[in-house]
Amino acid sequence: MKESIRLAQKAFSEGEVPVGAIVVKNNKIIGRGYNQRERLNDPTAHAEILAITAASSTLEDWRLSDCTIYVTKEPCSMCAGAIINSRVSNLIFGAYDEEKGCCGSLYQLCGDRRLDSRTAVKGGVEEDKCIAILQEFFNLKREKGTI
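Predicted model only: the values in this text are computed from it and were never measured.

Chemist: I tried to follow the layout of surface pockets on my own but got confused; where do I start?
Modeler: Summary: where empty space remains is shown by rolling a probe the size of a single water molecule over the atoms. Its boundaries defined by the atoms lining it, the largest pocket holds a volume of some 650 Å³. Contributing to the lining of the largest pocket are 23 residues, with Val17, Lys73, Asp97, Leu134 and Phe138 lying nearest its centre. At 6 residues, helix H5 (residues 127-144) tops the list of elements feeding residues into the lining of the largest pocket. Looking at the lining of the largest pocket residue by residue, the class counts come to 10 nonpolar, 4 polar and 9 charged. In this structure, the second largest pocket encloses a volume near 190 Å³. Ser65, Ile84, Asn85, Arg87, Val88, Ser89, Leu115, Asp116, Ser117, Arg118 and Thr119 are the residues that line the second largest pocket. In terms of residue class, the lining of the second largest pocket is made up of 3 nonpolar, 5 polar and 3 charged.

Chemist: When you look at the pairing of strand E2 (residues 28-34) in this model, what are you seeing that I'm missing?
Modeler: Working note: regular strand, side chains alternate between the two faces of the sheet. The sheet contact formed by strand E1 (residues 20-25) and E2 spans 6 bridges and is antiparallel. Opposite glycine 20, over in E2, you have tyrosine 34 as the bridge partner. Hairpin connection, E1 to E2: the antiparallel pair is bridged by 2 residues, and asparagine 26 has positive phi, about 50°.

Chemist: Got a minute to help me understand helix H1 (residues 2-13) in this structure?
Modeler: Along an α-helix, residues three or four positions apart point the same way, because every turn accommodates 3.6 residues. Given a rise of 1.5 Å per residue, 12 residues ought to cover 16 Å, and the 17 Å separating the end C-alpha atoms of H1 matches this to within 8%. Turning to H1, its buried residues number three or more, namely Glu3, Ser4, Ile5, Leu7, Ala8 and Ala11. The elements touched by buried residues of H1 are E1, E2, strand E3 (68-73) and H5. Looking one or two residues past H1, glycine 15 carries a phi angle of roughly 80°, positive in sign.

Chemist: Explanation requested: the pattern of salt bridges in the structure shown.
Modeler: Oppositely charged side chains are able to pair whenever their charged atoms sit close together. Summed over the entire model, instances satisfying the criterion amount to 7 salt bridges. Put simply, arginine 6 and glutamate 3 hold a salt bridge, and the shortest N to O gap is 2.7 Å. Of this pair, arginine 6 and glutamate 3 both sit in helix H1, 3 residues apart, roughly one helical turn. Relative accessible area serves as the criterion here: at 41%, arginine 6 is assigned to the partly exposed category. Across the salt bridge formed by arginine 63 and aspartate 61, the nearest N and O atoms sit 3.1 Å from each other.

About the thresholds
- Residues numbered from 1 in each chain as written.
- Predicted model: local features only at pLDDT ≥ 70, side-chain atom pairs only at ≥ 80, totals over all residues.
- Heavy atoms only, no water.
- 1 Å grid on protein atoms, 1.4 Å probe; cavity = no way out; pocket = protein on both sides within 12 Å on 5 of 7 lines; lining within 4 Å.
- Points joined across faces, edges and corners; volume = space filled by probe spheres on them.
- Helix = DSSP H or I, 4+ residues; strand = E, 2+ residues; numbered from the N terminus.
- Nonpolar A, V, L, I, M, F, W, Y, C, P; charged D, E, K, R; others polar.
- Pairing = 2+ DSSP bridges.
- Expected span 1.5 Å × (residues − 1).
- Buried < 20%, exposed > 50% of the residue type's maximum accessible area, 1.4 Å probe, protein only.
- Contact = heavy atoms within 4.5 Å.
- Salt bridge = Lys/Arg side-chain N within 4 Å of Asp/Glu carboxyl O.

Here it is, written out as structure tokens:
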């Protein structure tokens, strides 16, 4: 999770919502990503999507079985769908997202057998650190009047 938090800090420094993600297989990072929606002008450029794309490129396979994704914030519906479709085995995330989270808060898409998902989920890992960076980012945005 430390690497995901470092990537979230990079997103923060670039004016992006501070979310970072890594994909790990056999204790080796095979994909990294952080939010880049503003920079790339791409609504799909979430940390999870970019990390999954990088991991698939590394493995030269879209199937990420036996992989774990670590992300600083609970995935949204789009990212949960990508996690399911890429067959990631485990999802570990930091901060719960009561507004848009789809891996425990609003919905539990990952692990839902109706979607043929076998992704195991664990939330709240390094939660305080993950919440703190998000709160700092949005507090600064509010102070500047940019949200």
